[in-house]
Amino acid sequence: MNIEMLPKVASQALPSGKVSAGKITKIHAMEVLDSRGNPTIQTTVWAGDISAKASVPSGASTGSHEALELRDNDKKRYGGKGVLKACKNVEGKIFQAIKGLKADDQEKIDQIMIDLDGRDNKSKLGANAILSVSLATARLAANCHKMELFEYLAHKYGYMVKDLPTPLLNVINGGAHARSTGLDIQEFFLIPLGGKFSEKLRKGTEVYHVLQKNLLAKGYSTAVGDEGGFAPKLPSNEAAFTFLREAVLATGYKMDNDFHLGADVAASEFFDIKKGVYEFKADKKVFKSTQIYKMYRQWYEKYHLSIIEDGCAEDDIVGWKLLNQELGRETLIVGDDLFCTNIKRLKMGITQNLANAIIIKVNQIGTLSETMETVKLAQKNNYKIILSHRSAETCDDFIADLAAGVNAEYLKMGAPCRGERLAKYNRLLEIEELVNAK
Ligand code: PGA
Ligand code: ZN
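What you are looking at is a predicted structure, and each value in this text was computed from that prediction instead of being measured. (Residues numbered from 1 in each chain as written. Chains lettered and ligands numbered in written order. Predicted model: local features only at pLDDT ≥ 70, side-chain atom pairs only at ≥ 80, totals over all residues. Heavy atoms only, no water.)

Quick word on the overall build of the chain
Item 1. Scanning the chain from N- to C-terminus turns up 13 helices and 14 strands.
Item 2. For 438 residues, the compact-globule estimate of 2.2 N^0.38 gives 22 Å, and the chain sits close to it at 21 Å.
Item 3. On the principal axes, the C-alpha backbone points of the chain span a range of 60 × 50 × 50 Å.
Item 4. Taking all 438 residues of the chain together, 61% fall into the buried category.
Item 5. A total accessible area of about 17,100 Å² is found for the chain, and carbon and sulfur atoms account for 50% of it.
Item 6. Each charge sign in the chain was given a centre, from 59 positive and 55 negative side chains, and these centres are 2 Å apart. (Helix = DSSP H or I, 4+ residues; strand = E, 2+ residues; numbered from the N terminus. Rg over C-alpha atoms; globule rule 2.2 N^0.38 Å. Buried < 20%, exposed > 50% of the residue type's maximum accessible area, 1.4 Å probe, protein only. Areas by Shrake-Rupley, 256 points an atom, 1.4 Å probe, with all protein chains shown as cover. Lys, Arg positive; Asp, Glu negative; His and termini not counted. Charge placed at Lys NZ, Arg CZ, Asp CG, Glu CD.)

The following block contains the structure:
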């Protein structure tokens, strides 16, 4: 397939009559804690007396092509996970390079930070340091323009916000997010169909509560994993799909009409690269990378599994190709670790026909501008966009505005449980009201 090229993301003129964004005058970075209790960076940027802050998330099943999260490696603090060096980079080198620039000159600010780092994976200054500034600056610009963040982002990048994305509710956690489950698959999610965002969220939440009752009734734990989904020790991956289907029906909804199911297999986590096989321990099944699509097809037919994320490992190109060829017409074949929100990886995916949808995570690449270039290229090539959180989050809700602002078709922000997940869902409820009021 040829790539529909879309070079640099062009800024749109902001609505006339709005004040122009001020110049960056001050910056402060500090260590805060994420939802796994690990340090992360929070940066505040000022333009005169207007300010905005942003904090960055962190993954557990990170792709090897992701930008680097700079950690202190000082074993005496937080087991080496401190981010004081990243904070120092923000207040020192980065501030020196961007002070005096206009807050809405996002491309320039991001480019300066990319050049200052000079490495593909941003390992010198840290992608966490860079991203905290990139996001805080965007929010500062929105504040200066007296606009809601989603509205500012939509204007800047040329979108009209009408329908909000469909929430993919990750209600059973496994894999790296809930090791005690023994489940190989990392996320089992509900895909509510029909209606507006708030209705889909309501329907999914109702099923979540029935799922809790059903699990309890059968003697399973309803403790939750990193993304707020239940973390029961089920006998097999298939048992999780069965529980979801039963919960949908018991809530009074119909499969296919009201719900489909989805999974983030996160297959890079258990691909045996030497043997070229995937071992699903919970199901006691082993598949060659050329055969794995057959199992997904069965699940598609049996459980309406219509979104398959990272069904193959990040560098198992043969497996991806076959999977997309065999199931890409009926289902979304989604690249997360495969692409890492990286435009180079996406170009490779488009030319080789590896997928038809992409996960977008701002911290995989490290700046808003690069994220937007990837989003634009994906959209130009008819890829569906799934804007996603990470397994460790703070209550920062930037990605809710971003998902709405760029017309993502889907968003993945966990179960309707845990404050850092609800912060995003609740912000989207607010955005829906704001959009409807127009
Ligand atoms: P992570 O998981 O944030 O732990 O990488 C999320 C995902 O794989 O989608
Ligand atoms: Zn994933």
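Some points on a positive patch on the surface
Item 1. Together, K88, K93, R119 and K124 make up a region of like positive charge exposed at the surface.
Item 2. Secondary-structure assignment places R119 in the loop between α2 (106–117) and α3 (127–144).
Item 3. Look at R119 and you get partly exposed, because its relative accessible area is 42%. (Patch = residues over 30% accessible without salt bridge, like charges linked within 9 Å, V, L, I, M, F, W, Y side chains within 5 Å. Salt bridge = Lys/Arg side-chain N within 4 Å of Asp/Glu carboxyl O.)

Remarks on the side chain of N324
Item 1. Turning to its location among the elements, N324 is positioned in helix α8 (residues 317–327).
Item 2. Residue N324 is classed as buried on the basis of its relative accessible area of 9%.
Item 3. Separated by 2.9 Å, the side chain of N324 and the backbone oxygen of N353 make a polar contact.
Item 4. Setting aside residues up to four positions removed in sequence, N324 forms contacts with I333, N353, L354, A355 and N356. (Polar contact = N/O pair within 3.5 Å; in protein donor to acceptor, adjacent residues only side chain to side chain. Contact = heavy atoms within 4.5 Å.)

Description of the nonpolar core
Item 1. F280 and Y296 are the most contacted members of the largest nonpolar core, which has 127 residues in total.
Item 2. The element contributing the most residues to this core is α3, with 11 residues.
Item 3. Excluding residues that lie within four positions of it along the chain, F280 makes contacts with D184, I185, N237, V265, F270, K285, F287, I292, M295, Y296 and W299.
Item 4. Counting 10 residues, the second-largest nonpolar core is a separate cluster that includes F189, V334, I359 and I386. (Core = buried A, V, L, I, M, F, W, Y, C linked by side-chain atoms within 4.5 Å.)

Focus on the packing of helix α5 (residues 197–217) against helix α13 (residues 419–436)
Item 1. Running from N to C, α5 and α13 cross one another at 145 degrees; their axes reach a closest spacing of 9 Å. Contacts from F197, S198 and L201 in α5 reach Y425, L428, L429 and E432 in α13.
Item 2. When the residues that make up the contact of α5 with α13 are grouped by side-chain class, the tally is 5 nonpolar, 1 polar and 1 charged. (Axes fitted to C-alpha atoms, helices over the stretch in contact; angles between N-to-C directions. Nonpolar A, V, L, I, M, F, W, Y, C, P; charged D, E, K, R; others polar.)

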